[in-house]
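Coordinate analysis (summary)
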Amino acid sequence: MGLLALENARLRFGGIVALDDVSLDVAEGTIAGLIGPNGAGKTTAFNVITRLYRLESGDVVFDGHSLRHTPPSRVVRMGIARTFQNVELFPTMTVLENVLVGGHAFARMKRESELRKDALDTLELVGIHMHADRPAAGLPFGTLKRIELARALASKPRLLLLDEPAGGLNHEEVGELADFIRRLRDELKLTILLVEHHMNLVMQVSDHVTVLNFGRTIASGPPAEVQRDPQVIEAYLGGELEPVA
Amino acid sequence: MSAVQTREHPALRRDRLAALGPLGKPVNLILVGAAVFLLIGCLSSQIFAQQTVVGLAQGAVYGSLALALVLIYRATEVVNFAQGEMAMFTTYVAYQLTTSWHVTYWLAFALTLLIAFVFGMGVQLVFIRPVQHTSVIAVVIVTVGLFILIDGVVGWVWGADIKFMPAPFGNTVYHVGGVAIARQDIGTILVTIASVGLLWLLFQRTKLGLGMRAAALRPASARLVGVRVDRMLALGWGLAAVLGAVAGLMAEASEYSLQPSFMQPILLYAFAAAVLGGLESPVGALVGGVMIGIFLNLLGQYVSFVTSEIRLPFAFLVLIVVLLIKPTGLFGKKKVRKV
Ligand SMILES: Nc1ncnc2c1ncn2[C@@H]1O[C@H](COP(=O)(O)OP(=O)(O)OP(=O)(O)O)[C@@H](O)[C@H]1O
Ligand SMILES: [Mg+2]
């Protein structure tokens, strides 16, 4: 079994079945893509893994341990960090402080000055160190996404959950992001679960792709295979796997 | 040409004001104006200077309690109606320590702050946490209930008669160029500056402070980056109670007497101060407190019908006017929920 597994996960909201018997296995040191049309249940899967939502049945297993009784604030200490589709930063804090909050959970024993240095290094890694002392509110969406990425990385996770990291990025930046995600895997030895509508990006970087539709897994396999799957083509209206701008 | 077309676009106006630097913000203009007014007043009249100093000391007390209200408002999104009574209770604790158990004043002061901290956390744990996620009105009702509960318990334990405590700064009065300044007033101002300064350092310079800010700003995402939000909220209540305790002790020292109701008017001034500054703004609470303290004293001095009886209604007038003209207060920002 891999580093992370969803086992027969099931969750409903009223009449909507957001996750319908979904199983997922992410091998350590790989990039797993999770795709599907709007409302397929991708973000819900993230919320289940980070314990914001409670499963009706099934389980989340991380590194051999069930997360069934883990409170959300412990998830990050176990080595799971995430970013959010709509960005959930602390708006009145500076960019650096936002990242520092991410580091705190991890480095209990570290000195303040070390944490600051770590946070600055992380900001440099994602390329926004020049904004370190500006308040997060008011910066462009693409920059906010990078702050979130830095905040997630600051907790030194083993598993990184990225919810639409390419949102708000232009074509060139998406290319850089692809390289960056691969570097995270290869140099920092991170395991990554990537939700993204930008198909080129997903197909380029993923080692394995799972496709959800209406809460169900409709395909799972290497990117090339998934791309040819008739059910997947059907799910994406018009049958083309091109990014929708 | 119609007037509409000649009116400056808001964005342009903002740019033009921004070009003036910090002075461009209306708040800062008001503050600088007020400071200049006070300076000229103090230099030209001894009585004016006298009232300003007294007002400053009172304002420091209002400001501390207002800051306590703001801390809780930011963390729990309610106004804690029991804040004044919590401060009153801790002042009675100090009374017990100094008068009955003969602990020296400043040791009793330190012990009281410690007890206040534990008390504040306890209040959050026992009374607030169980209702916190139900509704805002439920929390408000609980704080009103706490008001009554503390009032009753203190009256029952210590009685309603007036008590006297040792004066921390003595009764010395200095005369500076014809202006009489009580040592107590200087002490109050310095103690307030020290406690607010320490609090500021805690919030801005420590891991714990950062965690508390994160928990108050965005509890859900704070949880996900590993902040133990419940613990942080309890700590916030503890710190607010400590600030309240400082306000209570200094208020007692200026009034030279202690009664179960002594914090009630101060709570109302603190409300007015917090609203004037903007309920979300710690700096605003302090500035608001000082402004109200000085304003009321000058008013009492120069406007004959503003007697001590009408002081409190005047503070309310300030509150209502601010709510009507600028509900977010001097320093408040409009809430931006989604970044
Ligand atoms: N808290 C909630 N309450 C009610 N319904 C919810 C909740 N969260 C998700 N849903 C529903 O569950 C379904 C899956 O939503 P989810 O956000 O997981 O989709 P998604 O795959 O992330 O879509 P998108 O690509 O648009 O982000 C949707 O129908 C959504 O409306
Ligand atoms: Mg989503």
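Everything numeric in this text was worked out from a predicted model, so none of it was measured. (Residues numbered from 1 in each chain as written. Chains lettered and ligands numbered in written order. Predicted model: local features only at pLDDT ≥ 70, side-chain atom pairs only at ≥ 80, totals over all residues.)

**Details of the overall build of chain B**
Along its length, chain B carries 14 helices and two strands. In summary, chain B has a C-alpha radius of gyration of 21 Å against a globular reference of 20 Å for 339 residues, a match within 12%. Projected onto the principal axes, the alpha-carbon positions of chain B cover approximately 80 × 60 × 35 Å. Within chain B, the proportion of its 339 residues that are buried is 43%. By sequence separation, contacts in chain B at least 24 residues apart represent 71% of the contacts at least 6 residues apart. (Helix = DSSP H or I, 4+ residues; strand = E, 2+ residues; numbered from the N terminus. Rg over C-alpha atoms; globule rule 2.2 N^0.38 Å. Buried ≥ 20, exposed ≤ 12 C-beta atoms within 10 Å, placed from the backbone. Contact = placed C-beta atoms within 7 Å.)

**Observations regarding the overall build of chain A**
Assigned secondary structure in chain A consists of nine helices and 10 strands. Relative to a compact globule of 245 residues, whose C-alpha radius of gyration would be 18 Å, chain A shows 18 Å and is just as compact. For the C-alpha atoms alone, the extent of chain A along its principal axes is close to 55 × 40 × 35 Å. A burial count over chain A gives 45% of its 245 residues as buried. The long-range fraction of contacts in chain A, counting pairs at least 24 apart against all pairs at least 6 apart in sequence, stands at 67%.

**Structural notes on the domain arrangement of chain B**
Residues and elements named next belong to chain B. Domain boundaries in chain B define domain 1 (72-262) and domain 2 (264-330). For domain 1 and domain 2, the distance between their C-alpha centres works out to 20 Å. Of all the secondary-structure elements, those providing two or more residues to the side of domain 1 that touches domain 2 are helix H4 (46-76), helix H5 (83-100) and helix H11 (229-255). Here the side of domain 1 that touches domain 2 is built from residues that sort into four nonpolar, three polar and one charged. (Domains from an automatic or database assignment. Nonpolar A, V, L, I, M, F, W, Y, C, P; charged D, E, K, R; others polar.)

**A closer look at the domain arrangement of chain A**
Residues and elements named next belong to chain A. If you check the domain split of chain A, you get domain 1 (1-79 + 157-245) and domain 2 (89-156). Each of domain 1 and domain 2 was reduced to a C-alpha centroid, and the two centroids are 24 Å apart. Each partner contributes to the interface: domain 1 provides nine residues, whereas domain 2 provides eight residues. Taken together, the residues of the side of domain 1 that touches domain 2 break down into five nonpolar, two polar and two charged.

**Here we look at the site of ligand 1**
All names here are of chain A. Around ligand 1 sit Phe 13, Ile 16, Ala 18, Gly 36, Asn 38, Gly 39, Ala 40, Gly 41, Lys 42, Thr 43, Thr 44 and Gln 85, and those are all the residues in its vicinity. Among the secondary structure elements, those contributing two or more residues to the shell around ligand 1 are strand E2 (16-26) and helix H1 (42-49). Per element, the largest residue contribution to the shell around ligand 1 is three residues, and it comes from H1. Its residues assigned to classes, the shell around ligand 1 comprises four nonpolar, seven polar and one charged. (Near = placed C-beta within 6 Å.)

**Looking at the interface of chain B and chain A**
Between chain B and chain A, the contact holds 18 residues from the first and 26 residues from the second. In terms of residue count, helix H9 (residues 207-217) of chain B provides more of the side of chain B that touches chain A than any other element does, six residues in total.

**Brief notes about the environment of Val 101 of chain A**
Tracing the sequence through the fold places Val 101 of chain A in helix H3 (residues 95-106). Overall, the presence of 28 C-beta atoms within 10 Å leaves Val 101 of chain A in the buried class. Sequence spacing of Val 101 of chain A and Ser 155 of chain A is 54 residues, and the spatial spacing of their C-alpha atoms is 8.7 Å. In this view, Val 101 of chain A contacts Phe 90 and Arg 151 of chain A together with Leu 210, Gly 211, Ala 214, Val 225 and Val 227 of chain B; residues no more than four positions away in its chain are not counted.

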